[in-house]
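# Overview (structure and organization)
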Amino acid sequence: MTGYIAWFSDISRHDVVRVGGKNASLGELVRNLSAAGIQVPGGFAVTAAAYRKFLEANELGEKLSRELARYEQDPTMLADVGRKVRAFILDGDMPADIADAIRDAYKKLAGSGPAPSVAARSSATAEDLPEASFAGQLETYLNVEGDAALIDACRKCFASLYTDRAISYRRNQGFGQMDIAVSVGVQRMVRSDKASSGVMFSIDTDSGFPNVVLINGAWGLGETVVQGMVDPDEYEIYKPLLSDEKLTPILRKKCGAKEQKMIYADSGDRPVALTDTSTQERKAFVLSESEILTLARWAVKIEDHYGQPMDMEWAKDGETGELFIVQARPETVQARKAAGALKTYRLKQSGTRLLEGAAIGDAIACGKVCRIESADRIADFEEGSVLVTQTTDPDWAPIMKKAAAIVTDHGGRTSHAAIVSRELGLPAIVGAANATSLLHDGQDVTVSCAEGETGYVYDGLLDFDSADLDLTAMPETRTQIMLNMANPSTAYRWWRLPSDGVGLARIEFIISDIIKIHPLALARFDSLDDEAARREIETLTSAYEDKAEYFVDLLSRGVARIAAAHYPKPVIVRLSDFKTNEYASLIGGKMFEPQEDNPMIGWRGASRYYHENYRDGFALECRAMRRAREALGLSNIKLMIPFCRTLEEADQVLEEMARNGLKRGEKDLEIYVMAEIPSNVILANAFADRFDGFSIGSNDLTQLTLGIDRDSAMLQPLFDERNAAVTTLISELIKKAAETETPVGICGQAPSDYPEFAAFLVEKGISSISVNPDSFLKVKEAVAAAEKTASAS
């Protein structure tokens, strides 16, 4: 280590003052994690001392201070001040001793080979702090080759300490303009221009759920992902199961459009260039499952070493096939959130959805659209508006903090727009594809990121509310309070709730909204005669050689995401309970479904599973459940049979499940049954011999006990779960379940709507109550009060 050069192998994270946050972290990785198999490209840092010597040799200190003081007195002078300060530096001469040191280090990096292509990355001495990421504020120069080009790139990195966005950011964060220096990291380029690269977080960036690794990736150099130029692939991996080499705990694989890639330029002034990707590249994932798991395991090792969630950049070398970590820094948003607090948002009215994209954060905001096409027009932005643009880069930072919300055409969850929006606490929708063409200036819109991983822009100013939940004040209860879940993308949002697991995980949402295709239209595709449906199915399943695998893959991962959010607590997954009219509405469904006068009490639930006309579809469900439990590793999944009318039907369903590899008791598999038909209560003891638990479906039980079509508006006043006939049946079931020591829960809405109904259930000794997440606190408090009353009496 010399005064002006520090090799990565000689520095650590404690050297931020000397080499900046980015370089200090690279040194930490090289010194401490190379032995663990984590590959980091070699290189060195041009130190902050070199930067200070550069300013001194060119007599720039006083000039810079004078210009920057002008900005501090009048922030409207930002552009003029920034331009002059950068010009001072770019016109300066690199002192001979620093230039010699850079040349010598570069020659040593080359070894016996030709001059290597390197990346020159700016690294500020107040960068990657827990309270301020400085994300993208300074510049990086890629594919730099040769002594002269490298020295020039170092000078440009020095100047990038004074980009307009960096000057503004320091002011907003309370840093003195002259208190920060810059170092330059010189790192061998990974030939990801011939393969892929991207960004990786060791935490869910929106919910703060700590047990997943999030990976974004695209073809070519990683700047397209970082700057949000493309819609990248997205992978989600469950960390607690990564240590088991037999498992593949990849919870989500989403193939992004990836319409462009950045590669080395053949000629011209710029060393890199953007080019369109091929159709094959757009349809293909940029990483294999083995590579995804390798990166995820590296993320866990890096997080463990640093003792905190991390934000990393990775690259794959297209010549050698090797993976590398090229940057690692602390995650700066979720790390600062209070562990015992949860803020929730909810739309109070419906509206017309104009477009959708990836939701960043979980808030809702309203405002007028302000469409800005380029950073040159940021002065036109009106504070409090919804910023709509194609993509953002660090030059947009000064106006992003003035926006009510942000919507971009391009980008993923790890893009610049996403990172800065989280840091500012703004709702944002990225990768919305056509926001700039659909939305117009002055249009009133509502931006909702409170409905899962998909964010929506609604027409008009919709009413919404928010609530702050204090999780530290949650009462204890003997009765288990569980959650009802359906949408995998909202599962992580509620991970902080101290629930006892999931009492009802419905798979219908995954099938209707994510898969969209009737299972038999996939299992029996060759017999499908609906040409329009065939074309839709071909499009949706284009990434799959086996069309049935499309269903199994999406269903297994969707269920696994819900289970992962609660692991190792139990997650009871109810197998499909669509009515025939609902099945018919799926793509390709009409051919496989009969017309029924009353689907509510028709061919639904258990009666379908063993029937010749649906057996092949049920087999796909079973394959998905088995994969989620055994291959992905979510063994906390329990299965539940809906609408099981008779004991004979129960036996047939259990036999069909065993035929498909799901045998009760094997590999700790528990199978529950819904108690939603009077016969389930009358024959409860016999049903308990066949199943491991009951879950009361109070809606269907009320319908069938009182003879009321629950969809009938005219009969709605008579529909009441608190009717004595219904509560008598519930009491009887709880009593019989206790006699056989069989768990019994309830997953209807009544305990949420009626505190006295929750008290009734507690009095009768129910095992668990499962509620919607937004009702959890209310029901938990009602149950705690009921238990207190019961113990006092």
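Look a little higher up for the structure.
Below or above, wherever it landed, is the structure these notes cover. (Residues numbered from 1 in each chain as written. Predicted model: local features only at pLDDT ≥ 70, side-chain atom pairs only at ≥ 80, totals over all residues. Heavy atoms only, no water.)

## Looking at the overall build of the protein
For the protein, the count of helices and strands is 28 helices and 30 strands. Taken along its principal axes, the extent of the C-alpha atoms in the protein is 95 × 50 × 50 Å. The buried share of the protein, taken over its 793 residues, is 58%. For the protein, contacts bridging at least 24 residues in sequence account for 69% of all contacts bridging at least 6. If you sum the accessible surface of the protein, you get close to 31000 Å²; carbon and sulfur atoms cover 47% of it. Counting 88 positive and 117 negative side-chain charges, the protein places the averaged centre of each group 2 Å from the other. (Helix = DSSP H or I, 4+ residues; strand = E, 2+ residues; numbered from the N terminus. Buried < 20%, exposed > 50% of the residue type's maximum accessible area, 1.4 Å probe, protein only. Contact = heavy atoms within 4.5 Å. Areas by Shrake-Rupley, 256 points an atom, 1.4 Å probe, with all protein chains shown as cover. Lys, Arg positive; Asp, Glu negative; His and termini not counted. Charge placed at Lys NZ, Arg CZ, Asp CG, Glu CD.)

## A few points about empty space enclosed by the protein
On inspection of all chains with the given rule, the structure shows three cavities of 30 Å³ or more. Reported here for the largest cavity is a volume of approximately 190 Å³. Taken together, 18 residues line the largest cavity, and the ones lying closest to its centre are Arg-121, Leu-142, Ser-192, Gly-222 and Val-326. Sorting the residues of the lining of the largest cavity by element identifies strand 5 (182-188), strand 6 (196-201), helix 8 (223-226) and strand 12 (310-316) as the ones contributing at least two each. The element contributing the most residues to the lining of the largest cavity is strand 12, with three residues. Its residues placed into classes, the lining of the largest cavity shows nine nonpolar, five polar and four charged. (1 Å grid on protein atoms, 1.4 Å probe; cavity = no way out; pocket = protein on both sides within 12 Å on 5 of 7 lines; lining within 4 Å. Points joined across faces, edges and corners; volume = space filled by probe spheres on them. Nonpolar A, V, L, I, M, F, W, Y, C, P; charged D, E, K, R; others polar.)

## Here we look at unusual backbone geometry
For residues other than glycine, phi is negative in most cases, and the peptide bonds are mostly trans. Cis peptide bonds are those with omega within 30 degrees of zero, and the linkage from Tyr-567 to Pro-568 qualifies with 5°. Non-glycine residue Ala-433 carries a positive phi angle of around 75°. Relative to the elements of secondary structure, Ala-433 occurs in the loop between strand 19 (428-430) and helix 13 (435-438). Residue classification places Ala-433 among the exposed positions, given a relative accessible area of 53%. In the Ramachandran plot, Asp-668 falls in the positive-phi region, its phi being about 60° despite a non-glycine side chain. Relative to the helices and strands, Asp-668 is located in the loop between helix 21 (647-659) and strand 27 (671-675).

## A short note on the sheet that holds strand 30 (residues 768-771)
Spatial ordering of the closed barrel is given by 23-24-25-26-27-28-29-30, a layout of eight strands whose pairing is parallel. Strand-to-strand twist across the sheet, computed as the mean angle between neighbouring axes with direction ignored, equals 30°. Pairing between strand 29 (residues 744-746) and strand 30: two bridges, direction parallel. For Gly-745, the partnering residue across the bridge sits in strand 30 and is Ser-768. Helix 17 (residues 547-564) contacts strand 23 (480-485), strand 24 (502-506), strand 25 (571-574) and strand 26 (637-641) of the sheet and is inclined by roughly 150° relative to strand 25. Packing of helix 28 (residues 776-792) onto the sheet brings it into contact with strand 23 and strand 30, and relative to strand 23 it is tilted by some 155°. (Pairing = 2+ DSSP bridges. Axes fitted to C-alpha atoms, helices over the stretch in contact; angles between N-to-C directions.)

## Some details on the side chain of Ser-192
The topology assignment puts Ser-192 in the loop between strand 5 and strand 6. If sequence neighbours within four positions are ignored, Ser-192 has contacts with Ser-197, Gly-220, Leu-221, Ala-315, Lys-316 and Asp-317.

## Remarks on a nonpolar patch on the surface
A cluster of nonpolar side chains, Met-714, Leu-715 and Leu-718, forms an exposed patch at the surface whose accessible area comes to about 350 Å². Note on placement: Met-714 falls in the loop between helix 24 (698-706) and helix 25 (724-739). (Patch = residues over 30% accessible without salt bridge, like charges linked within 9 Å, V, L, I, M, F, W, Y side chains within 5 Å. Salt bridge = Lys/Arg side-chain N within 4 Å of Asp/Glu carboxyl O.)

## Digging into the packing of aromatic side chains
Taken as a whole and assessed by the stated rule, the structure comprises 14 aromatic pairs. Aromatic pair Phe-687 and Phe-691: ring centres 6.5 Å apart, planes at 20°, arrangement stacked. The pair Phe-687 / Phe-691 is uniform in exposure class, with both members buried. Geometrically, the ring pair formed by Phe-757 and Phe-760 is tilted, given 5.7 Å between the ring centres and 45° between the ring planes. Of this pair, Phe-757 and Phe-760 are both found in helix 27 (residues 755-764), three residues apart, which corresponds to roughly one turn of the helix. Grouping residues by exposure puts Phe-757 and Phe-760 together as buried. Three or more aromatic residues joined by ring pairs make a cluster, and in this case those are Tyr-51, Phe-54 and Phe-158. (Phe/Tyr/Trp six-rings, centres within 6.5 Å; stacked < 30°, edge-to-face > 60°.)

## As for the nonpolar core
Membership of the largest hydrophobic core comes to 107 residues, with the highest contact counts inside it found for Leu-634, Ile-641 and Phe-694. The element that contributes the greatest number of residues to this core is helix 17, accounting for ten residues. Setting aside its immediate chain neighbours within four residues, Leu-634 contacts Tyr-238, Leu-241, Leu-251, Ala-560, Ala-563, Ala-564, Tyr-567, Ala-628 and Arg-629. Core analysis: the second largest hydrophobic core is formed by 48 residues, Tyr-106, Ala-120, Ala-159 and Val-184 among them. (Core = buried A, V, L, I, M, F, W, Y, C linked by side-chain atoms within 4.5 Å.)

## Topic: a negative patch on the surface
Negative charge collects at one region of the surface, where Asp-529, Asp-530, Glu-531 and Glu-536 lie side by side. Within the secondary structure, Asp-529 is located in the loop between helix 15 (519-523) and helix 16 (531-540).

## A short note on the sheet that holds strand 19
The sheet built from seven strands closes into a barrel, its strands ordered 15-19-18-17-16-20-21 with mixed pairing. Taken over all neighbouring pairs, the strand axes of this sheet differ in orientation by 35° on average, direction set aside.

## As for the pattern of salt bridges
Tallying each qualifying case throughout the model produces 61 salt bridges. Ionic pairing is found between Arg-659 and Glu-655, a salt bridge with its closest N-O pair at 3.3 Å. With Arg-659 and Glu-655 both in helix 21 and four residues apart, the pair spans about one turn of that helix. Given the relative accessible area of 52%, Arg-659 is considered exposed. A single network of salt bridges, built from pairs that share partners, joins Asp-206, Glu-234, Glu-236, Arg-252, Arg-413, Arg-422, Glu-453 and Arg-561.

## What about helix 14 (residues 508-515)?
Where helix 14 is concerned, the buried positions are Glu-508, Ile-510, Ile-511 and Ile-515. Looking one or two residues past helix 14, Lys-516 carries a phi angle of roughly 75°, positive in sign.

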